[in-house]
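# Remarks on the overall topology
The lines below spell out each chain.
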Amino acid sequence: MHFSSDSLQTFVAVAEERSFSLAAKKLHKSQSSVSSQVNLLEEQCGTKFFDRSPRPLRLTQAGVLLLTFAKDVMYRAQALSASLAELKEGVAGEVKIGAITSIATALLPSIVRGILDRFKNLRITVSAQNVSQLCESVRRGEIDFAILLSDQEPSGVSARVLRTESLFFVVAPDHVSASQRQLRMESVRNTRFIMGQEGSSYTKMLDTMLQKKGVSRYEVAARISTLEGMKEIARTGIGIGILPQYIVEREIRKKALRRIQIKGLKLCANIYLVENVLSVETRTVVAVRNLIINYISGRFRHDCDPE
């Protein structure tokens, strides 16, 4: 029984998109071509891989089995191609990294610069996505690994903690709270905060953390979609921002922002490196990944609660 790499790629696209039309768009093929390839696979194997009656499409038991096989074959083919190139060129080729936007803009640029200075034949692509998108991109093999911030270990992928990151309460120097050494927990409920958009992964994480600390209600002065935006709004003095140390450390050092302490309220999250459990690593990916791990793991200490 013969399976071409193209037919397996087409099958995987249909299985992931759960639609022939969406798979065709993703692969830049006609829908009829995609349907024909899947039909041919089913004829060769003598079984159906999709239940076409519901919408979206649903994999049959045979389809689930083939999806696992097809992904493994595709990962290994990609790894073989990259490894053969490494034999000639050393650490070379392209490494695809995913990261949440704040890490992509605040942490990775200097790291990527250092890596590229070391390996001249290397190309690094960084894509910024939210947490759920990153995990899905890793599962699909669209990126080699991802770096994200979360209070919970991501599921369905291989995840390791690179470091625990303090989340700072920060205000502008002229904010009414800036001169106080420590705020009481009760005052938080009457304080205006700067938060991310409702429903975003970062906002959900903060809501969960605050609720666990007994802060179920608080006033929001402004919402914005990025952590960099939250930082800039905090600098205007209209409220308190809750931001990772790596986002605000420079502003705190230059006294453009001030960190305030709230008694009994210390927040922290983990920076995770996320990989596909099925991935076959090349020497190039391992070299880049290890340099990033060493940099992020050793850069900061934290003062979070030990819990």
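The following refers to the structure shown. The shown structure was predicted, so the numbers you read here are calculated from the model rather than taken from an experiment.

The rules behind the values
- Residues numbered from 1 in each chain as written.
- Predicted model: local features only at pLDDT ≥ 70, side-chain atom pairs only at ≥ 80, totals over all residues.
- Heavy atoms only, no water.
- Helix = DSSP H or I, 4+ residues; strand = E, 2+ residues; numbered from the N terminus.
- Buried < 20%, exposed > 50% of the residue type's maximum accessible area, 1.4 Å probe, protein only.
- Contact = heavy atoms within 4.5 Å.
- Areas by Shrake-Rupley, 256 points an atom, 1.4 Å probe, with all protein chains shown as cover.
- Pairing = 2+ DSSP bridges.
- Axes fitted to C-alpha atoms, helices over the stretch in contact; angles between N-to-C directions.
- Parallel < 35°, antiparallel > 145°, perpendicular 65-115°, else oblique.
- Nonpolar A, V, L, I, M, F, W, Y, C, P; charged D, E, K, R; others polar.
- Phe/Tyr/Trp six-rings, centres within 6.5 Å; stacked < 30°, edge-to-face > 60°.
- Lys NZ or Arg CZ within 6 Å of the ring centre and 35° of its normal.
- Expected span 1.5 Å × (residues − 1).
- Arc of directions from axis to C-beta.
- Salt bridge = Lys/Arg side-chain N within 4 Å of Asp/Glu carboxyl O.
- Left-handed = near helix turned anticlockwise from the far one by under 90°.

## Digging into the overall build of the protein chain
Scanning the protein chain for helices and strands turns up 12 helices and 12 strands. Expressed as a percentage of its 307 residues, the buried residues of the protein chain come to 44%. When contacts within the protein chain are restricted to residue pairs at least 6 apart in sequence, those whose partners lie at least 24 apart make up 77%. Total accessible area on the protein chain stands at roughly 16000 Å², and carbon and sulfur atoms take up 49% of it.

## A short note on the pairing of strand 3 (residues 93–99)
As judged from the seven bridges shared by strand 3 and strand 4 (residues 122–128), these two strands associate in the parallel manner. In the strand pairing of strand 4, I97 is matched with V126. Relative to strand 5 (residues 145–150), strand 3 runs parallel, the two sharing three bridges. Bridging from a neighbouring strand, A99 pairs with I147 of strand 5.

## Some points on the packing of helix 1 (residues 5–17) against helix 3 (residues 31–45)
Taken N-terminus to C-terminus, the directions of helix 1 and helix 3 make an angle of 105°; their axes are 9 Å apart at the nearest point. The angle between helix 1 and helix 3 falls in the class roughly perpendicular. Along the contact surface, helix 1 presents D6, S7, T10, F11 and V14, while helix 3 presents V34, Q37, V38 and L41. Taken together, the residues that form the contact of helix 1 with helix 3 break down as five nonpolar, three polar and one charged.

## Observations concerning the packing of aromatic side chains
On inspection of all chains with the given rule, the structure shows four aromatic pairs. Note on F20 and F50: the rings are 6.1 Å apart at their centroids and 65° apart in plane angle, and the pair reads as edge-to-face. Separated by 30 residues along the polypeptide, F20 in helix 2 (residues 20–27) and F50 in strand 1 (residues 50–51) bring together distant segments of the chain. With respect to burial, F20 and F50 carry one shared label: buried. Here the guanidinium or amino end of R259 rests over the ring plane of F168, the centre of that ring lying 3.8 Å away.

## A look at the environment of T203
Mapped onto the elements of the fold, T203 is located in helix 9 (residues 201–212). Residues T203 and S225 lie 22 residues apart in sequence; the distance between their C-alpha atoms is 9.5 Å. Discounting residues that sit within four places of it in the chain, T203 has contacts with G196, Q197, E198 and R223.

## Section: helix 3
Across its 15 residues, helix 3 extends 21 Å between first and last C-alpha, which sits within 8% of the 21 Å expected from 1.5 Å per residue. Listed in full, the buried residues belonging to helix 3 are V34, Q37, V38, L41 and E42. With its buried residues spanning 135° around the axis, helix 3 presents them on a single face. Here the buried face of helix 3 lies against helix 1, helix 2 and strand 1. Where helix 3 ends, the next residue or the one after it, G46, has phi of about 70°, a positive value.

## Side note on the pattern of salt bridges
Side-chain pairs of opposite charge can arise where the charged atoms are in close proximity. Evaluation of the coordinates by the stated rule reveals 23 salt bridges. A salt bridge links E136 to R139; its shortest N-O distance comes to 3.1 Å. Linking E136 with R139, this pair stays in helix 7 (residues 131–140), spanning three residues, or about one helical turn. Relative accessible area serves as the criterion here: at 28%, R139 is assigned to the partly exposed category. Look at the salt bridges and you will find they share partners, linking E16, E17, K26, K71, E136, R139, R140 and E142 into a network.

## Focus on the packing of helix 10 (residues 227–235) against helix 11 (residues 245–253)
Where helix 10 meets helix 11, the closest approach of the two axes is 10 Å, and the angle between their N-to-C directions is 30°. Relative to helix 11, the element helix 10 lies roughly parallel. The element helix 10 and its partner helix 11 pack so that their crossing is right-handed. Taking contact as the criterion, the partners of L227, E228, K231 and R235 in helix 10 are, on helix 11, I247, V248 and E251. When its residues are assigned to classes, the contact of helix 10 with helix 11 shows three nonpolar, no polar and four charged.

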